[in-house]
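Close look at the chain arrangement
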Amino acid sequence: LGVGPLLLSASRQTAGRGRLGRAWQSDDAALTFSVALPLPAELDLSGLSLAVGCTVADVLDPAGDRIRLKWPNDLLLDGAKLGGILIETVPLPSQLRGVVIGIGLNLLPLPPDADRSAYASGHAALQSLDPTATAAATLARLAPALQALLADFRTLGFAAWQAAFSRRDLAAGQRVRVGDQVGLARGVSARGELLLETPTGVQACHGGELSLRLESSP
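So, here is what we can say about the structure in this document. (Residues numbered from 1 in each chain as written. Predicted model: local features only at pLDDT ≥ 70, side-chain atom pairs only at ≥ 80, totals over all residues. Heavy atoms only, no water.)

1. Side note on helix α3 (residues 135–156)
Filter applied, for reference: A run of H or I in DSSP becomes a helix once it reaches four residues, and a run of E becomes a strand once it reaches two; helices and strands are each numbered from the N terminus. Each residue after the first adds 1.5 Å to the expected span of a helix. The cut-offs for exposure are 20% and 50% of the maximum accessible area for each residue type, with area from a 1.4 Å probe on protein chains only; residues under the lower value are buried, those over the upper are exposed, and the others partly exposed. The criterion used for residue contact is that any of the two residues' heavy atoms lie within 4.5 Å.
For α3, spanning 22 residues, the distance from its first C-alpha to its last is 30 Å, which sits close to the expected 32 Å at 1.5 Å a residue. Listing the buried residues of α3 in full gives Thr138, Leu139, Leu142, Leu146, Leu149, Leu150 and Phe153. Check the buried side of α3 and you find it contacts β1 (6–10), β4 (30–40), α1 (48–60), β8 (96–106) and α2 (126–129).

Okay, structure coming up:
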């Protein structure tokens, strides 16, 4: 990693990796890219995936009425999964650590004969929001916004995006399951933790390897 962000985009991905070790494959029907940069080792990265999600959503859906965010790393368009974010880190010399932000967005709708049972959260395509969207044009729109986000996150942390996330929070006020806990989602903290209201009080859930699932009412 050099001194500034490095952006790499792949037109086809055959050995990608998502959260929880899931395989992540893509072709030219999707936009997949990563941004890598060195950050101070002491910088709190809590909530970085949420801030990235807010930035992507604000670029693609500035009106804010179609793209919602599901803690900790999913983007949904009209209720179906549009894309996801994965952040990984590696240690570097001189009190730095390398941060790699992977972003994947569905660009084209599924073909009519696709097996939709393989998409537990549904499948949404960016071209449903913008029929003229291409991978190159979308990346050109996102890159400067992500560069500005990363510059600001160094000094502001997630707190600066807490309100923006709340406006797009898919789970707010709903009954959800996080790991083995069930409760009501009460937004996120200034560090990006999910606030889960349970019979024993409000629990702060960290992203890590936890996932959130909407539950039907009892």
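That was the structure; now back to the text.
2. Topic: the packing of α1 against α3
Packed helices, taken two at a time, are described by the angle their axes make and the gap between the axes. To keep it simple, the criterion reads: With axes taken as lines fitted to C-alpha atoms, and helix axes fitted only over the stretch in contact, angles between N-to-C directions fall between 0 and 180 degrees. These descriptions rest on fixed angle ranges, namely under 35 degrees for roughly parallel, over 145 for roughly antiparallel, 65 to 115 for roughly perpendicular, and the rest for oblique. In this scheme, a crossing is called left-handed if the near helix is turned counterclockwise away from the far one by less than a right angle; it is called right-handed if the turn is clockwise. Residues are grouped as follows: nonpolar covers Ala, Val, Leu, Ile, Met, Phe, Trp, Tyr, Cys and Pro; charged covers Asp, Glu, Lys and Arg; every other residue, Gly included, is treated as polar.
At a minimum axis separation of 10 Å, α1 and α3 run at an interaxial angle of 140°. It follows that α1 is oblique to α3 by the angle criterion. As for how α1 packs across α3, the hand of that crossing is right-handed. Counting all contacts with α1, which are made through Leu48, Ala51, Val52, Thr55, Val56, Val59 and Leu60, the residues of α3 involved are Thr138, Arg141, Leu142, Ala145, Leu146, Leu149, Leu150 and Phe153. Taken together, the residues of the contact of α1 with α3 sort by class into 12 nonpolar, 2 polar and 1 charged.

3. Some remarks on unusual backbone geometry
Following Trp71, the chain continues into Pro72 via a peptide bond in cis, with omega recorded as 0°. Along the chain, the position of Pro72 falls in the loop between β5 (67–70) and β6 (74–77). Even without glycine at this site, Asp78 takes up a positive phi of about 50°. Position of Asp78 relative to the elements: it lies in the loop between β6 and β7 (80–92). The phi dihedral of Ser94 is positive, around 60°, even though this residue is not glycine. The residue Ser94 is located in the loop between β7 and β8 in this model. Accessibility expressed as a relative area gives 59% for Ser94, which makes it exposed.

By themselves, these are just geometric observations and shouldn't be taken as functional.
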